[in-house]
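What follows is the residue order along each chain.
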Amino acid sequence: MHLTIVNPNTTITMTHTIGEAARAVAAPGTRIEAVNPDSGPASIEGYYDEVFSIPGMLAEMRARPHADAFVIACFDDTGLDAARSLVKVPVIGIGEAAMHMATLLATKFSVVTTLAVSVPALEHNVHKYGFAHRCARVRACEVPVLELENPASDARSRISAEIARAKADDRAEAIVLGCAGMADLAAALSAEHGLPVIDGVASAVKLAESLHGLGMKTSKVGGYAPPRPKTYSGAFASAAVSTED
Ligand code: 5HY
């Protein structure tokens, strides 16, 4: 299968990290393409960044009609519902994927994300996905997203310390890493802390492969029905959907 992974922010080094994490777990027949838009925020930290990342992300998806499935590689699952409306093939958000995996491994989990500004949106998703009774807490380690790209930063140690607090205070039995930029840290942190530490990129790759293998596609009979053709004007004129799409 051809699996396209879209990093909605514009930081190419993070896209590379994401692609490597995906290829590390992909099945032999899965071709991974990791991309990001040229327009939009360098990182997504809260509601304002999120909005401006979505048009570029959708454009990247629209430019790849050959993909058998897509992964949205931002833990906020940025634009996930719009993406599922736009394309017929499965679209997996790394946040939703990681939370599903956590519920298969533990009675309760905590999320460790970057900054406090990101927490409310992730808490909303926990409730939206039906995991409120399984997620002990969404925590922030107060590491800016782009600090994860800085080898000299103390990001890893701060994430590790937050995991220790989640184990002690939340009695978390598993940890979900709340940023795509943390994808390369999961295995080492799991070994260090002695519990499952789940990366959403790897989780989403395997779920996408499963859905493709089952021949399953997104339902188009309700909320994810194709957008109705209509005029789009101004900067978004190119986003208009025709009946041929
Ligand atoms: C992410 N931001 O996965 C989110 C994480 C966050 O640019 N990629 C980003 O902090 O919300």
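Note: the structure precedes this text.
What you are looking at is a predicted structure, and each value in this text was computed from that prediction instead of being measured.

**Q** Go over the overall build of the protein chain with me, naming the residues and quoting the values.
**A** The helix and strand inventory of the protein chain stands at eight helices and eight strands. For the protein chain, whose C-alpha radius of gyration is 17 Å, the value lies close to the compact-globule estimate of 18 Å for 245 residues. In terms of overall dimensions, the protein chain has C-alpha extents of about 55 × 35 × 35 Å along its principal axes. Across the 245 residues in the protein chain, those meeting the buried criterion constitute 52%. Summarising the internal contacts of the protein chain: among those between residues at least 6 apart in sequence, 69% fall at separations of at least 24. Total accessible area on the protein chain is roughly 11100 Å²; 58% of this is exposed by carbon and sulfur atoms. Considering the protein chain, the positive charge centre built from 21 side chains and the negative charge centre built from 27 side chains are found 7 Å apart.

**Q** Any chance you could break down helix α4 (residues 94-103) for me, citing the residues and the numbers?
**A** Of all ten residues in α4, eight are buried, a share of seventy percent or more. Considered for burial, the residues of α4 that qualify are Ile94, Gly95, Glu96, Ala97, Ala98, Met99, Ala102 and Thr103.

**Q** Could you give an account of unusual backbone geometry, with specific residues and numbers?
**A** In this structure, Asp77 is a non-glycine residue whose phi angle is positive, near 55 degrees. For Asp77, the location among the structural elements is in the loop between β3 (69-72) and α3 (80-86). Backbone geometry at Arg171 places phi at a positive 55 degrees, although glycine is not the residue there.

**Q** Account for the pattern of salt bridges, naming residues and giving values.
**A** All chains considered together, the criterion is met by eleven salt bridges. Residues Lys128 and Asp81 are paired through a salt bridge, measuring 2.6 Å at the closest nitrogen-oxygen approach. Taken together, the residues span a long stretch of sequence, with Lys128 in helix α5 (residues 119-128) and Asp81 in helix α3 at a distance of 47 residues. Between Glu162 and Arg139 there is a salt bridge, and its shortest N-O distance comes to 2.7 Å. You can see Glu162 sitting in helix α6 (residues 155-170) and its partner Arg139 sitting in strand β6 (residues 135-140), a full 23 residues away along the chain. Each of Arg139, Glu162, Arg165, Asp169 and Asp170 takes part in salt bridges that share partners, so that together they form one network.

The rules behind the values
- Residues numbered from 1 in each chain as written.
- Predicted model: local features only at pLDDT ≥ 70, side-chain atom pairs only at ≥ 80, totals over all residues.
- Heavy atoms only, no water.
- Helix = DSSP H or I, 4+ residues; strand = E, 2+ residues; numbered from the N terminus.
- Rg over C-alpha atoms; globule rule 2.2 N^0.38 Å.
- Buried < 20%, exposed > 50% of the residue type's maximum accessible area, 1.4 Å probe, protein only.
- Contact = heavy atoms within 4.5 Å.
- Areas by Shrake-Rupley, 256 points an atom, 1.4 Å probe, with all protein chains shown as cover.
- Lys, Arg positive; Asp, Glu negative; His and termini not counted.
- Charge placed at Lys NZ, Arg CZ, Asp CG, Glu CD.
- Salt bridge = Lys/Arg side-chain N within 4 Å of Asp/Glu carboxyl O.

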